[in-house]
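Report on the structure
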Amino acid sequence: MQPRLFHLHTLSALHCGTGQSVGVVDLPIARARATQLPIVPGSSLRGVLRQEVETHDANLARALFGPKTIAANDKSFAGALAVGDAHLLALPVRALAGILCYVTSPFILRRYARDLKGVGLKAPEIPNPANREHALVVTETVNLLDNKLVLEDLDLDAQRNGLTQDWATTIAALVHPNAPDGQRDFIQRFAILPDDILGYLSETATELRTRISIDEQTGTVKKGALWFEEHLPAESVLWGLYALSGSNEPNQRRGADELAQAIPASPTLLQLGGQAGVGRGLVRLLTQEAGA
C-alpha cells in the first residue's frame, strides 16, 4: 500500500468527541493518549468519506470501505482504503498583535517531517527555540509587539528565523494550494513555540461552548440540561496519512489507480464530528499523492 498525505483545515469549530467526561468539560475533544494533543480519529473521517463516495457510486464505496453488513464469512473482505488519525499541526491562538497566530512546536514538526519524507516530499530543517520563554517567528511576522509574542496570557521573547519561514512556506503551500492570499496570511502569522508551551496551549486555548436544552412545554431550560463542549477552533490545521490498495472484493478486482478516482477531489468540503445542525465541523480535506 502506498502512503499518501492529507490535511484538514477547519472552517468552523470542530468537535470530534470521546463521549462524556467526569471533568469540568462535559464533552471533551479526542486527544492522543500519550501526548494529549488533539486528534481527529481516522474512523470519523473514514465514515464521512464513505457517505460522500456512496452518493456517487455504491459499488466503489463497497470496494473502498468494505461491506456494511456481513451475511457470511465468504462474503466478507477488507476495504481497500486505510485512513489514519489526523494530528494537530498548527493551532490558531489569540494574539495581542495580528489578531491570531498559527503555532506549532519542534515535537510536532519532527513527526510531520517524518511523514512528509515518507510520501516523497522535502522537509526543512527543524529549529528549536532557545528556552521555555522564547519563540521563533517568520521574517515578516505581524504578531510581534516590541519583539514580544503575546499569546493569550503568555508573554514570549521572539526571534525572526529563516527556518521558521521555510516551514511556514512549506505548510502554506500544502494547505492553501493555488491561493496566494491564503498562503500569505498563514505565513505572516506562523510561529514555532517550545514543546511544553504548545502542550499548554493545546489544552487551554481550545474553544469551550456552553449548550442548553429547552423544555418544549415551558420554553425554559430543562432541569440539568446545561453542558460544556470543547472544540478545535476554526482555522486549525491537522495532518495524517492514508493508504490505498487494490480491491479485496471477491470476483470484483479493481486496481488502486481506479479506486483512487473515487476519492473526492482535493480540496473537498466535508462535515466532521457532531453539531452539524448548528454550523460545526466544516472542514477542507486536502489530499497529496506520494511525491507530488
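So, here is what we can say about the structure in this document. (Residues numbered from 1 in each chain as written. Predicted model: local features only at pLDDT ≥ 70, side-chain atom pairs only at ≥ 80, totals over all residues. Heavy atoms only, no water.)

The helix and strand inventory of the protein stands at 7 helices and 15 strands. A compact globule built from 292 residues should have a C-alpha radius of gyration of about 19 Å, and the protein, at 21 Å, falls within 12% of that. Its C-alpha atoms give the protein principal-axis dimensions of about 65 × 60 × 35 Å. Long-range contacts, defined here as pairs at least 24 residues apart, represent 67% of the contacts in the protein between residues at least 6 apart. Accessible area for the protein stands at about 14400 Å²; split by element, carbon and sulfur atoms hold 49% of it. The positive charge centre, built from 27 side chains, and the negative charge centre, built from 31, are 5 Å apart in the protein. (Helix = DSSP H or I, 4+ residues; strand = E, 2+ residues; numbered from the N terminus. Rg over C-alpha atoms; globule rule 2.2 N^0.38 Å. Contact = heavy atoms within 4.5 Å. Areas by Shrake-Rupley, 256 points an atom, 1.4 Å probe, with all protein chains shown as cover. Lys, Arg positive; Asp, Glu negative; His and termini not counted. Charge placed at Lys NZ, Arg CZ, Asp CG, Glu CD.)

On to the environment of Ala 256. Looking at the element boundaries, Ala 256 is found in helix 7 (residues 256–260). Classification of Ala 256 by relative accessible area gives partly exposed; the value is 21%. C-alpha of Ala 256 to C-alpha of Leu 64: the two residues are 192 residues apart in sequence and 9.5 Å apart in space. Setting aside residues no more than four positions away along its own chain, Ala 256 makes contact with Leu 244, Ser 245 and Gly 246. (Buried < 20%, exposed > 50% of the residue type's maximum accessible area, 1.4 Å probe, protein only.)

This brings us to the packing of helix 4 (residues 162–175) against helix 5 (residues 180–187). At their nearest, the axes of helix 4 and helix 5 sit 9 Å apart, and the two run at 145 degrees to each other. Of the two possible hands of crossing, helix 4 and helix 5 adopt the one that is right-handed. Along the contact surface, helix 4 presents Gln 165, Ala 168, Thr 169, Ile 171, Ala 172 and Ala 173, while helix 5 presents Gln 183, Phe 186 and Ile 187. Taken together, the residues of the contact of helix 4 with helix 5 break down into 6 nonpolar, 3 polar and no charged. (Axes fitted to C-alpha atoms, helices over the stretch in contact; angles between N-to-C directions. Left-handed = near helix turned anticlockwise from the far one by under 90°. Nonpolar A, V, L, I, M, F, W, Y, C, P; charged D, E, K, R; others polar.)

Here the focus is the nonpolar core. In terms of nonpolar packing, the biggest core is built from 77 residues, with Leu 149 and Leu 193 touching the most fellow members. Discounting residues that sit within four places of it in the chain, Leu 149 has contacts with Cys 101, Ala 135, Val 137, Asn 143, Leu 144, Leu 154, Asp 155, Leu 156, Ala 158, Ala 191 and Leu 193. (Core = buried A, V, L, I, M, F, W, Y, C linked by side-chain atoms within 4.5 Å.)

Because an α-helix packs 3.6 residues into every turn, residues spaced three or four apart end up facing the same way. Taking 1.5 Å as the rise per residue, helix 3 (residues 106–118) with 13 residues should run 18 Å; its terminal C-alpha atoms sit 18 Å apart, in good agreement. Of the positions making up helix 3, those classed as buried are Pro 106, Ile 108, Leu 109, Tyr 112, Ala 113, Asp 115 and Leu 116. Two residues or fewer after helix 3 comes Gly 120, characterised by a positive phi angle close to 85 degrees. (Expected span 1.5 Å × (residues − 1).)

Next up on the list: the packing of helix 3 against helix 4. Between helix 3 and helix 4, whose axes approach to 13 Å, the crossing angle comes to 55 degrees. The orientation of helix 3 relative to helix 4 falls into the category oblique. Crossing angle aside, the handedness with which helix 3 passes helix 4 is left-handed. Along its contact with helix 3, which presents Leu 109, Tyr 112, Ala 113 and Leu 116, the element helix 4 presents Trp 167, Thr 170, Ile 171 and Leu 174. Tallied by class, residues from the contact of helix 3 with helix 4 come to 7 nonpolar, 1 polar and no charged. (Parallel < 35°, antiparallel > 145°, perpendicular 65-115°, else oblique.)

Function cannot be inferred from these measures alone, as they are strictly geometric.
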